[in-house]
Amino acid sequence: MNERHFLSPWQEATGYIIYPDAFYDSNGDGVGDLQGIIQKLDYLHDLGIDLIWICPFFASPMDDNGYDVSSYYDVDPRFGSNEDFQAMLDKAHSLGIRIIIDFVLNHTSDEHPWFKKAIEDPSSEEASYYYFLKGRRTEKGIEPPNNWRSYFSESAWNKVPGSEDTFYLHLFSKKMPDVNWSYPPLREKYFEIARHYLDMGVDGFRLDAISHLGKDLSFSDSSLPVGPDGLVLDPSKYANREDMYQYLGEFKEKVLSHYDCLTIGEAGGGISPKQSLRLTNKYNGLINMAFNFDTAWCNGAFASIDRKDEEIYTRVIELKDNFKKWYDETRKDVEALPIYWTDHDHPRALSQYGNVEYRKQSMKMLISTLLFSYGVPFMLYGDEIGMSNVQFDKPEDFYADISSKNEVAYLRSQGYSDSHIAHYLCRTSRINGRQPMQWNSSDNAGFSIKEGRVKANPNAKEGVNVLDEEKDPDSILNFTKLAIKLRKREENMRFLRYGHYDLYDHNHPDVYGYFFELNEEKLVVIASFSKHTTYFSFHWRPTDVILHNYDDFIYIDHVFTLRPFECIVMKAY
Ligand code: GLC
């Protein structure tokens, strides 16, 4: 492995999420690839990025675009080769950038040789790698073993092909059988894979869906109220259970502690700050950081099929409470928190919390608050140019995402019309976070000469693209570049890393006001989430302005008049 020199300690890094399928296609087949990423590393370096999380690019039938892995040791040919992977790492390292890869360890593809063997020969070793259970005989026939719902709408059980009454567990799509972490030899398989990549020089992992590694092995029915189809999503049965900590403890002891690496778990399932500290505390934690989902959906859009557009707006107080809760309850015991607005599983940040009518102002506000927060910020590819949600009008337009596809089937079965479903998916679907990156205004947004899995957003032709924004001094892209540079300056970073964070005017319904205090100096951020003019009383004395998305201020008698999405980062005393 070559010497690695990073631009900053990981606690001060600026992260970027790449969905490889949609980032840049170097060979014109309509699929983004590793050579494409290599070609764009200079762009990311110039932007100031020094930590990249790349979503999975290993061999896969692509039911869930790579989260269904069929061989952990091979790059999928549509993304390139193992040599490309090494070349990508080498180039990133030469630029001082860390690369963490997405390690999918809760499930494999049903086309993984382990699963195929398990099905073929129920007495094989591989059969112990999965959860197989007999169904229940009812008057309707053979039904799944229990009432658990998967995260992708359907039953969490699917009948083994060719079997009359045996089912396997899948918490995600039916092509993604869950692996059985309670079986020690299975765990060893995953430890081997991790060692392989750490030896190769990857800088760490984003650990996919770790919350779900432990299950209620009694497989009893959930007692929560069930939906019209008799199923219920019950995280208490399969999220953040005691076993998960044991498995990850073993992972740390046998693998992670032997390497200098960064691990960030995806800790869904409603994990609490207290539970997450067991994973990430700096004394004897198991991994470095854990993404939680609490700040990603504070706008009423989640499961909003029955809500009107007017009911979807940013709940600023809820957002503040969530940031504050995670800070207050974990800060003194962790190295850092990962901060993000949205990732490849969500709508676009700009559409979620900003407003496309105020694209520049609102995205600059979201960039400012993200970068001037406590912790390690991650932006999703394309946030730096203000990419926004799709405007599709047919449910089928969302089928490149299996969870949306399943949701369409479910919603149709509940009687919703196609136009209603499409309208809802425009504001909630994961497709939004997986659109082709908008490099220029040519066809397919310059992502590829061919159309990708998802159609490029037409706004690429209206200036929302890298090339046009590079030329515009007032663009979101240039603002982001400046914001990253300013964040990194020691005089600002020391506040973000060591200052004490608190809210200023918690009850203001439209403004997220907060500050970091260090040795009696304060770095203050005042961010309006409203498209209307709003007022913010401020009784400290503003001194240096660090970053601002308007050219001037209106501050009279201790009151800021804030224009739509205005955001000021400043020092004050
Ligand atoms: C995680 C990933 C998501 C994927 C799921 C199953 O939540 O972020 O994209 O579908 O795990 O692997």
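In this text the structure is predicted, and so the values were computed from the model without any measurement. (Residues numbered from 1 in each chain as written. Predicted model: local features only at pLDDT ≥ 70, side-chain atom pairs only at ≥ 80, totals over all residues. Heavy atoms only, no water.)

A.B. asks: Help me understand the overall build of the chain, please; the structure alone is not making it clear to me.
C.D. replies: Scanning the chain from N- to C-terminus turns up 15 helices and 23 strands. Its C-alpha atoms give the chain a radius of gyration of 24 Å, within 12% of the compact-globule value 25 Å for 573 residues. Reported as C-alpha extents along the three principal axes, the dimensions of the chain are approximately 75 × 55 × 50 Å. Evaluated residue by residue, the chain yields a buried proportion of 61% over its 573 residues. Restricting to contacts in the chain with at least 6 residues of sequence separation, those with at least 24 account for 71%. Across the chain, the 62 positively charged side chains and the 88 negatively charged ones have centroids separated by 2 Å. (Helix = DSSP H or I, 4+ residues; strand = E, 2+ residues; numbered from the N terminus. Rg over C-alpha atoms; globule rule 2.2 N^0.38 Å. Buried < 20%, exposed > 50% of the residue type's maximum accessible area, 1.4 Å probe, protein only. Contact = heavy atoms within 4.5 Å. Lys, Arg positive; Asp, Glu negative; His and termini not counted. Charge placed at Lys NZ, Arg CZ, Asp CG, Glu CD.)

A.B. asks: When you look at helix H7 (residues 273-280) in this model, what are you seeing that I'm missing?
C.D. replies: Within H7, the full set of buried residues consists of Pro273, Ser276, Leu277, Leu279 and Thr280. End-on, the buried residues of H7 take up no more than an arc of 155°, which puts them together on one face. Tucked inside the fold, the buried residues of H7 contact helix H6 (242-254), strand E13 (289-291) and helix H8 (316-330). (Arc of directions from axis to C-beta.)

A.B. asks: What exactly am I supposed to notice about the site of the ligand here?
C.D. replies: Taken together, 13 residues form the shell around the ligand, and within it Asp64, His107, Asp208, Glu266 and Asp345 come nearest. Aspartate 208 is positioned such that a nitrogen or oxygen atom in its side chain is 2.8 Å from an oxygen atom of the ligand. In the model, an oxygen atom of the ligand is placed 3.4 Å from a nitrogen or oxygen of the arginine 434 side chain. (Near = heavy atom within 4 Å. Polar contact = N/O pair within 3.5 Å; in protein donor to acceptor, adjacent residues only side chain to side chain.)

A.B. asks: So what exactly am I meant to see when it comes to H6 here?
C.D. replies: In an α-helix, one turn spans 3.6 residues; hence positions three or four apart end up facing the same way. Helix length check: H6 (13 residues) gives 19 Å between terminal C-alpha atoms against 18 Å at 1.5 Å per residue, within 8%. Where H6 is concerned, the buried positions are Met244, Tyr245, Tyr247, Leu248, Glu250 and Phe251. Considering only its buried residues, H6 is in contact with strand E5 (98-104), helix H4 (184-200), strand E11 (204-208) and H7. (Expected span 1.5 Å × (residues − 1).)

A.B. asks: How should the pairing of strand E18 (residues 521-528) be read in this particular structure?
C.D. replies: Within a regular strand, side chains alternate between the sheet's two faces. For E18, the buried fraction is high: seven of the eight residues fall into the buried class. When strand E17 (residues 511-518) meets E18, the two strands line up antiparallel, connected through eight bridges. Within E18, the residue paired with valine 511 across the bridge is serine 528. The antiparallel pairing of E17 with E18 creates a hairpin that spans two residues between the two strands, and asparagine 519 there sits at a positive phi of about 45°. In the sheet, E18 pairs with strand E23 (residues 567-572) via six bridges, with the strands oriented antiparallel. Across the sheet, valine 525 pairs through a bridge with valine 569, a residue of E23. (Pairing = 2+ DSSP bridges.)

A.B. asks: Just to check I follow, could you spell out the sheet that holds strand E9 (residues 157-159) for this structure?
C.D. replies: Strand pairing within a sheet occurs via backbone hydrogen bonds; the two strands may be parallel or antiparallel. On the basis of which strands lie adjacent, the open sheet formed by three strands has the order E6-E10-E9 and antiparallel pairing. For this open sheet the edge positions go to strand E6 (132-134) and E9, each flanked by a neighbour on one side alone. Strand-to-strand twist across the sheet, computed as the mean angle between neighbouring axes with direction ignored, equals 40°. Examined bridge by bridge, E9 and strand E10 (residues 166-169) share three bridges and lie antiparallel to one another. Within the sheet, the bridge partner assigned to lysine 159 lies in E10 and is phenylalanine 167. (Axes fitted to C-alpha atoms, helices over the stretch in contact; angles between N-to-C directions.)

A.B. asks: Help me out: how do you make sense of the pattern of salt bridges in this one?
C.D. replies: Think of it this way: side chains of opposite charge can pair up when their charged atoms draw near. Within this structure, the stated rule accounts for 49 salt bridges. Notably, a salt bridge pairs aspartate 474 with lysine 364, separated by 3.0 Å at the nearest N-O pair. Of the two residues, aspartate 474 is situated in the loop between helix H13 (466-471) and helix H14 (476-488) and lysine 364 in helix H10 (residues 359-371); the sequence distance between them amounts to 110 residues. Owing to a relative accessible area of 4%, lysine 364 belongs among the buried residues under this scheme. Note that arginine 494 and glutamate 521 form a salt bridge whose closest N and O atoms lie 3.2 Å from each other. Residue arginine 494 is located in helix H15 (residues 490-498), and its partner glutamate 521 is located in strand E18; the two are separated by 27 residues in the primary sequence. Residue arginine 494 is classed as partly exposed on the basis of its relative accessible area, which comes to 21%. In this structure glutamate 521 comes out as partly exposed when scored by relative accessible area, which is 33%. (Salt bridge = Lys/Arg side-chain N within 4 Å of Asp/Glu carboxyl O.)

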